[in-house]
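Fold and geometry: a report
Each chain, written out:
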Amino acid sequence: MALTLTCPICGQRNGYEFRYGGEEKGPRPDEEGLSPEDWCDYVHLNKCVAGIQKEWWFHRDGCGAWFTTQRDTTVNLEVEQPEAQL
Amino acid sequence: MFGRHKPLWGKKTRLKSSYDAVIIGGGLHGLATAYFLARDHDLTNVAVIEKRYIGFGGGGRNTAIVRANQRTSQNVPLYKEALALWPVLTRELDYNLMFFNCGNLNLMHSEAAMNAARMNVATAQFHGVESHLIDAKQCKELIPALNISDDITYPILGAMYHPPGGIVRHDAVVWGLAKGAARHGVHIHQQTAVTGIGVANGQIVSVETDRGKIHTPRVLLAAGGYSAAISYHMLGIKLPISVLTIQAMVTQPLKPILNHVVSSGTYHAYANQTLKGEIATGAHMDPWPNYTTQTTAYYIKHQAEALAEMLPCLRGVKFMRHWAGLADMTPDMAPIMDGNAPLKGYFMNCGWGYFGFKSCAAAGKYMARFMATGNCPDMLKPFTLRRFAQHRLMGETAALMSYSPDN
């Protein structure tokens, strides 16, 4: 089955309307005293979880909303369960 | 495949409790590294651990295209050497890899693209890789089936023509390397899943599998699209990778009409005619990380539209098979090859995205040298994992469009 996502404004829509916005990594780190390693961690490094992950999406071909949701990367379906803890 | 029958590469071997090196992943890079470890460095007490069967992943799913006209000066020499290794390996492995150096045409559809191609051609020529810029009429002379009229969505202005590139039978490479490695004494264990990696005092000590524990001082992570998850799940090491699905398909077999690899970044399509006569064609990627190999009607339609414009004689031809594989994309579209960091004895060769097939022979050769000597060869130094924290990304991005949330 193809991916659908639930936009907070438009409801459940075809996945191809959206642009993936990356893994949810918490708030942007404070620039004061920020080391290159910590910045790299925030900008580039991913967990690439095989399971449920919390992630950002942008409704590009729709209302333009940015939102987070959970998706199971092993079946590529949106789920309601919280992110897998490792 | 797993039954009583003798595997293609030789006798079945028992899983020993200790090896000098363990390679996670029985794909192109793992098998190539095992082969070169044994051939060049006399390291034959090596196990290749494969969860499913060799060539299950990208090794058997890519579209078999090889070329050496990449964008950056760090990348081109590696691919150049990989390209030169196909005839050598065919002879050494005593296995017909069906290397067909038919040449690649990267079509350009705008003046900006032509300018980018000029820079690419200059890089290639600087490194001694044959690459030319040609105009639309010359494209038509090389590929008479090509539509160079200006009544299509993206008219063709010219192309980057790379004569030494072409196609190689990808399964043959997997089987040939397995046979070559096994002949030198390497053990290949299929149906064996790695469940953990043992570390003591910052040094690799073992690999746990579902068939028992293996003591080893060296581990190579070469699990293709699964590498980033293994790295995080088993060692807590995060990598700058997004794992996306890439789809490909073949048409019914046709008489010879396309004697080059033709690709277009603007149409997001590449096509070549296999030696069986099928037009093998691939698209860009589903833009969301996942570990399925789902195919979608979206890309069948996309490919049909692109091919019907570029090669109108294919209109009405039917697609016969459609499959997908995983591509582990880095932000700079260049791989991660690193070792002894952050753990001693831990080596990684991943992040190849969709370039893993073209490069496997050379990457395996240099990773083997790195693992055997402990010294990083100059060829691999730019590909360190540390480049992301040092903000020295490579900019291999001229290849196609953006595939990760980073760009």
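Here the residue numbering is sequential within each chain, running from 1 through the sequence in written order. Lettering of chains starts at A and numbering of ligands starts at 1, both following the order in which they are written. The predicted nature of this model means local features are confined to residues of pLDDT at least 70 and side-chain atom pairs, given and counted, to a pLDDT of 80 or more, with totals for whole chains, interfaces and linings taken over all residues.

Comments concerning the overall build of chain A
The helix count covers DSSP runs of H or I at least four residues long, the strand count covers runs of E at least two residues long, and both are numbered beginning at the N terminus. For chain A, the count of helices and strands is one helix and six strands. Secondary structure elements of chain A, listed N to C terminal, follow the sequence β-β-β-α-β-β-β. For chain A, the spread of C-alpha atoms along the three principal axes comes to 45 × 30 × 15 Å. Burial is judged by counting the other C-beta atoms within 10 Å of a residue's own C-beta: 20 or more makes it buried, 12 or fewer makes it exposed, and any count in between marks it as partly exposed, with every C-beta position built from the backbone. Looking at chain A residue by residue over its 86 residues, the buried ones come to 22%. Considering only contacts in chain A between residues 6 or more positions apart, those separated by 24 or more positions represent 53%. By definition, residue pairs are in contact when their C-beta atoms, positioned from the backbone, come within 7 Å.

Structural notes on the nonpolar core
Residue and element names in this part refer to chain B. Joining buried Ala, Val, Leu, Ile, Met, Phe, Trp, Tyr and Cys residues through C-beta atoms within 7 Å gives a set, and that set is a nonpolar core. Membership of the largest hydrophobic core comes to 133 residues, with the highest contact counts inside it found for Ile 23, Ile 24 and Leu 31. Among the elements that line this core, the one with the most residues is helix α9 (residues 356-373), at 10 residues. Where each domain starts and ends follows an automatic or database-derived domain assignment. The residue makeup of this core includes at least three contributed by each of domain 1 (13-103 + 166-240 + 331-407) and domain 2 (105-163 + 242-329). When sequence neighbours within four positions are dropped, the list of residues in contact with Ile 24 reads Ile 49, Val 194, Val 219, Leu 220, Leu 221, Ala 222, Ala 223 and Ile 230.

Some thoughts on the sheet that holds strand β9 (residues 194-200) of chain B
Residues and elements named next belong to chain B. Think of it this way: DSSP has to see at least two bridges between two strands before they count as a pair. Ordered by their spatial adjacency, three strands build an open sheet running β9-β10-β11, and the pairing between neighbours is antiparallel. Of all the strands in the sheet, the pair left with one neighbour each is β9 and β11 (212-215). Taking each pair of neighbouring strands and ignoring which way they run, the sheet shows an average axis angle of 25 degrees. Relative to strand β10 (residues 203-209), β9 runs antiparallel, the two sharing six bridges. Bridging across to β10, Val 194 finds its partner in Thr 209. All axes here are fitted lines through C-alpha atoms, helices being fitted over the stretch that makes contact, and every angle between N-to-C directions spans 0 to 180 degrees.

Quick look at the environment of Arg 387 of chain B
Residue and element names in this part refer to chain B. Within the fold, Arg 387 resides in the segment after α9. Look at Arg 387 and you get buried, because 22 C-beta atoms sit within 10 Å. Note: C-alpha distance between Arg 387 and Ala 117 (270 residues apart in sequence) is 26 Å.

Remarks on the interface of chain A and chain B
Of the residues lining the interface, 24 residues belong to chain A; the matching set on chain B comes to 25 residues. In this count, Pro and Cys sit with the nonpolar residues alongside Ala, Val, Leu, Ile, Met, Phe, Trp and Tyr, while Asp, Glu, Lys and Arg are called charged and the others, Gly among them, polar. Here the side of chain A that touches chain B is built from residues that sort into 12 nonpolar, eight polar and four charged.

Considerations on the sheet that holds strand β4 (residues 104-108) of chain B
Residue and element names in this part refer to chain B. The sheet built from eight strands is open, its strands ordered β5-β6-β4-β14-β15-β16-β13-β17 with mixed pairing. One side of each edge strand has no neighbouring strand; the edge strands of this open sheet are β5 (132-135) and β17 (319-329). Direction aside, neighbouring strands of the sheet carry axes that sit 25 degrees apart on average. Both strand β13 (residues 242-251) and β17 contribute to a ladder of 10 bridges, which runs antiparallel. Bridge pairing in β17 places Ser 242 opposite Met 329.

What about the packing of helix α1 (residues 28-41) of chain B against α9 of chain B?
A pair of packed helices can be characterised by two numbers: the angle between their axes and the separation between those axes. Residues and elements named next belong to chain B. Here α1 crosses α9 at 45 degrees, and the two axes come no closer than 7 Å. On the basis of the axis angle, α1 is oblique to α9. Our pair here, α1 against α9, has a crossing hand that is right-handed. Listed contacts from α9 to Leu 28, His 29, Ala 32, Thr 33, Tyr 35, Phe 36, Leu 37, Asp 40 and His 41 of α1 are Gly 356, Phe 357, Cys 360, Ala 361, Ala 363, Gly 364, Lys 365, Met 367, Ala 368, Met 371 and Ala 372. In terms of residue class, the contact of α1 with α9 is made up of 13 nonpolar, five polar and two charged. The labels follow the angle: roughly parallel below 35 degrees, roughly antiparallel above 145, roughly perpendicular from 65 to 115, and oblique for the rest. Here a crossing is called left-handed whenever its near helix is offset anticlockwise from the far helix by less than a right angle, and right-handed whenever the offset is clockwise.

Observations concerning the pairing of β10 of chain B
Two successive antiparallel strands, β9 of chain B and β10 of chain B, enclose a turn made up of two residues, where Asn 201 of chain B displays a positive phi of approximately 50 degrees. The hairpin formed by β10 of chain B and β11 of chain B contains two residues between the paired strands.

Considerations on the domain arrangement of chain B
Residues and elements named next belong to chain B. Split into domains, chain B comes out as domain 1 (13-103 + 166-240 + 331-407) and domain 2 (105-163 + 242-329). The gap between the C-alpha centroids of domain 1 and domain 2 is 26 Å. Residue-level contacts link 37 residues of domain 1 with 35 residues of domain 2. Elements represented by at least two residues in the side of domain 1 that touches domain 2 include exactly α2 (58-61), α3 (76-93), β7 (166-167) and α7 (227-235). When residues of the side of domain 1 that touches domain 2 are assigned to their parent elements, the largest contribution, three residues, is made by α3. Counted by class, the side of domain 1 that touches domain 2 contains 19 nonpolar, 14 polar and four charged residues.

Some details on unusual backbone geometry
Residue and element names in this part refer to chain B. That bond from Ala 341 to Pro 342 is cis: its omega, -5 degrees, falls within 30 degrees of zero. Summarising the element assignment, Pro 342 is placed in the loop between β18 (336-339) and β19 (346-350). A positive phi angle, near 50 degrees, is found at Asn 201, a position not held by glycine. With respect to the helices and strands, the residue Asn 201 is situated in the loop between β9 and β10. Judged by the 7 C-beta atoms lying within 10 Å of it, Asn 201 falls in the exposed class. Backbone geometry at Asn 340 places phi at a positive 55 degrees, although glycine is not the residue there. For Asn 340, the location among the structural elements is in the loop between β18 and β19.

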